[in-house]
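Observations on chain architecture
The chain contents come next:
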Amino acid sequence: MRGVILHAPGDVRVEQRENPKVEQPTDAIIRLAATCVCGSDLWPYRGLEPVDGPAPMGHEYVGVVEEVGGDVQTIRAGQFVIGSFFASDNTCEICQAGYQSSCVHRVPMGSIGTQAELARIPLADGTLVATSQIPSDDLVPSLLAASDVLGTGWFGAVAADVQPGKTVAVIGDGAVGLLAVLAARQLGAERIIAMSRHEPRQKLALEFGATDIVTDRGDEGVAAVRELTNGLGAHSVIEAVGTQESMLQAIRSARPGGHVGYVGVAHGVELPGEELFFSHVHLHGGPAPVRRFLPDLIGLIWNRAIDPGRVFDLTLPLDQADEGYRAMDERRAIKALLRP
Ligand SMILES: [Zn+2]
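Residues numbered from 1 in each chain as written. Predicted model: local features only at pLDDT ≥ 70, side-chain atom pairs only at ≥ 80, totals over all residues. Heavy atoms only, no water.

Quick look at the side chain of His59
- Its place among the elements puts His59 in the loop between strand E4 (55-56) and strand E5 (62-68).
- You can call His59 buried: its relative accessible area is 10%.
- At a separation of 3.1 Å, a polar atom in the side chain of His59 contacts the side chain of Asp148.
- Excluding anything up to four places from it in sequence, His59 contacts Cys38, Ser40, Asp41, Ser84, Phe85, Met109, Gly110, Thr114, Ser147 and Asp148. (Helix = DSSP H or I, 4+ residues; strand = E, 2+ residues; numbered from the N terminus. Buried < 20%, exposed > 50% of the residue type's maximum accessible area, 1.4 Å probe, protein only. Polar contact = N/O pair within 3.5 Å; in protein donor to acceptor, adjacent residues only side chain to side chain. Contact = heavy atoms within 4.5 Å.)

Examining the nonpolar core
- Ranked by size, the top nonpolar core spans 55 residues in total, and within it Leu150, Ile238 and Val311 carry the most contacts.
- With nine residues, helix H6 (residues 175-186) is the largest single contributor of residues to this core.
- Non-local contacts of Ile238, meaning those with residues more than four positions away in its chain, are made with Gly156, Ala157, Ala160, Val162, Val168, Ala169, Val170, Ile171, Ala180, Gly261 and Val263. (Core = buried A, V, L, I, M, F, W, Y, C linked by side-chain atoms within 4.5 Å.)

A look at the coordination of the zinc ion
- Coordination of the zinc ion by the protein comes from Asp89 (OD), Cys92 (SG), Cys95 (SG) and Cys103 (SG), over a distance range of 2.0 to 2.3 Å.
- If you look at the zinc ion, its four donor atoms make angles of 95 to 123 degrees with each other, and the shape they trace is tetrahedral.
- All donor residues of the zinc ion come from one chain, and their arrangement in sequence is D-x2-C-x2-C-x7-C. (Donors = N, O, S within 2.8 Å, 3.2 Å for Na, K, Ca; no water. Tetrahedral: all angles 85-135°; square planar, octahedral: opposite > 155°, others 65-115°.)

Notes on the pairing of strand E12 (residues 191-195)
- Of all five residues making up E12, four are buried, and the element is well covered by its neighbours.
- Here strand E11 (residues 167-171) pairs with E12 via five bridges, running parallel. Within E12, the residue paired with Ala169 across the bridge is Ile193.
- Crossover handedness for the path E11 to H6 to E12: right-handed.
- Across three bridges, the pairing between E12 and strand E13 (residues 212-214) is parallel. Within the sheet, the bridge partner assigned to Ala194 lies in E13 and is Ile213.
- In this fold, E12 hands off to helix H7 (residues 199-208), which returns the chain to E13; that crossover is right-handed. (Pairing = 2+ DSSP bridges. Right-handed = clockwise from strand over helix to strand, strands pointing away.)

The values are spatial; any link to function lies outside them.
Here's what the structure looks like:
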């Protein structure tokens, strides 16, 4: 099969890889209907994270089950399935509490590499959610978005305790930030402040439910949010970047008693303890337990209540994956969908 391999920063190739096989009796093999490039794939692509190359790439996936191992009970060949970027058993205490991305048996899908024609999915019964039928083609991008960026934005909103009638600020205008806007709208927020200085992304944020756009960053961004909230700060802030500046901006944009949901993968973030102590802000976040939300999100997509697939503004054949990485790196594309 063909699959994406990162050899060194900036060097992404589509190469022949060995076809995956059932290795554990709990595995499934799926044929990808679509996959995509994640903002987090750009960290190693840009050389900001070490490349232990040649490394298979990709952790987002939807597809049709080809084969299952002998212990798989609920998933069967021919089903269309969606899973998240951590395989999880969905039965351990941590999974049952809704933190499947910290499952005691978790397997990071990035180690398998789903930017490929086929992928092995560990713990298939716990990891995969099947749709009732094969979806029509126009639903595939939205179902793929549920695999990571929608689920991550949704967790950001839940972690930030978004509630009906409240004011939410979203820091980050990548796919996760934009879908955090959509999640905040679905969860009933009254006012949603999207921080973005890119016109096409501002437009999509407004279509997803943002009520205000702020183009300032850092301290000016904080001041702008305070100005919009009677000097108090937002009830809920969703952090979807992962830098020192964005994390401090998030904490400082929240009012005392407010909540920050942080879902941008932290790189070099160090929190000032004293400031945190006096802020009275709740912090919760981490790698999103997307599996918790998948059944509900798939339902909303299936009923066409939400259209998160609109974050894919570039669709390419898998063979042109390098152009997908380049376009996202140069911010010419919000998110690139790859068709195997
Ligand atoms: Zn578990």
